[in-house]
Amino acid sequence: EIDATLEELRASNEELYATNEELVDLNSKLYDAQKEIDATLEELRLSNEELYSLNKELEKYQNELEALVTERTEELKASELKYRYVIEKSPIGIFQRTLEGQYVFFNDALIKEFECDTKEEFLDRYNLSTKRWTHKEKLAEFNELLLKHGEVHNFEVESRLLDGKTIWSALYIQRDSETSLLNGFSIDITERKNAERAVIAAKEKAEESEARYKML
């Protein structure tokens, strides 16, 4: 019985020894795993510090960019106001309109050229080319030239006002290839055309008088 008991104890000790070996091996693996975890945590800490630093740099550049955009925007607004004032108060009619003749923008000189007091009055009376142009065939000719060349220079147009009076304009227009809108100038040449007509009428009258004199 004693021998059997001793044999059992020996077997138990061998099992305990094997178990202890397993525990030692497991503890070693746990230690290695802990080292790997610590190393990963350190990398993450460094990554977080780098990320924080990058975020601070990005915030700095973003603030600088916003300040620059604000500055440039204010400069553009000031420049736009300056040139808008020049355009609005120019003695020459300046406008932007569609090919069909509807105005998108026009200045005070164009309103005055058509003897209107306000923009609303001008739009109500003369917003379409068909309302303005005395000779509709000239409108077809104008559109054909514009579509063919993309621009028209010194194209003389006679327009009839609501009171029956006619005015003359010399148009200088360029077609925007992207928007198809027409950007142009309108110069009032009514006085010149009236003077030319007066010269022609005087010449015809003189020739008629000369012809009558010769018949005497």
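Criteria and cut-off values
Residues numbered from 1 in each chain as written. Predicted model: local features only at pLDDT ≥ 70, side-chain atom pairs only at ≥ 80, totals over all residues. Heavy atoms only, no water. Salt bridge = Lys/Arg side-chain N within 4 Å of Asp/Glu carboxyl O. Helix = DSSP H or I, 4+ residues; strand = E, 2+ residues; numbered from the N terminus. Buried < 20%, exposed > 50% of the residue type's maximum accessible area, 1.4 Å probe, protein only. Phe/Tyr/Trp six-rings, centres within 6.5 Å; stacked < 30°, edge-to-face > 60°. Lys NZ or Arg CZ within 6 Å of the ring centre and 35° of its normal. 1 Å grid on protein atoms, 1.4 Å probe; cavity = no way out; pocket = protein on both sides within 12 Å on 5 of 7 lines; lining within 4 Å. Points joined across faces, edges and corners; volume = space filled by probe spheres on them. Expected span 1.5 Å × (residues − 1). Arc of directions from axis to C-beta. Contact = heavy atoms within 4.5 Å.

Novice: So what about the pattern of salt bridges? Which residues, and what values?
Specialist: Using the criterion set out here, one finds nine salt bridges in the structure. The partner of E141 in a salt bridge is K138, and the shortest N-O contact between them spans 3.7 Å. Remark: K138 and E141 occur in helix α5 (residues 136-149); sequence separation between them is three residues, near one turn of the helix. When its relative accessible area of 36% is taken as the criterion, E141 is described as partly exposed. The salt bridge partner of E158 is R197, with a shortest N-O separation of 3.4 Å. With a gap of 39 residues between them, E158 in strand β3 (residues 151-160) and R197 in helix α6 (residues 190-215) connect regions that are remote in the sequence. Given a relative accessible area of 9%, E158 falls into the buried group. Three or more residues are tied together by salt bridges with common partners; here these are E156, R192, K193 and E196.

Novice: Lay out the packing of aromatic side chains in plain terms, naming residues and giving numbers.
Specialist: The final tally for this structure, using the stated rule, is ten aromatic pairs. A connected cluster of aromatic rings, assembled from ring pairs, spans F95, Y103, F106, F114, F122 and Y126. Its end group placed over the ring of W168, K193 keeps NZ or CZ at 4.4 Å from the ring centre.

Novice: Let's hear about empty space enclosed by the protein: which residues, and what values?
Specialist: In total, this model carries one cavity of 30 Å³ or more according to the counting rule given. The volume enclosed by the largest cavity comes to roughly 120 Å³. In terms of lining residues, the largest cavity is bounded by 14 residues, among which Y103, F114, R132, W133 and L171 are the most central. Elements that contribute at least two residues to the lining of the largest cavity include exactly β1 (93-97), α2 (108-113), β3 and β4 (166-175). If one sorts the elements of the lining of the largest cavity by residue count, β4 sits on top with three residues.

Novice: Mind laying out α5, listing which residues take part and the relevant values?
Specialist: With 14 residues, α5 extends 20 Å between its outermost C-alpha atoms, agreeing within 8% with the 20 Å of an ideal straight helix rising 1.5 Å per residue. When α5 is considered as a whole, its buried residues turn out to be L139, F142, N143 and L146. Down the axis of α5, the buried set is contained in an arc of 95°. They therefore lie on one face. Exposed positions of α5 whose direction lies more than 90 degrees from the buried face are E137, E144, K148 and H149. Taken together, the buried residues of α5 touch β1, α4 (129-132), β3, β4 and β5 (182-188). At the exit of α5 stands G150, carrying a positive phi of roughly 80°.

Such coordinate-based values are descriptive only and should not be taken to indicate function.
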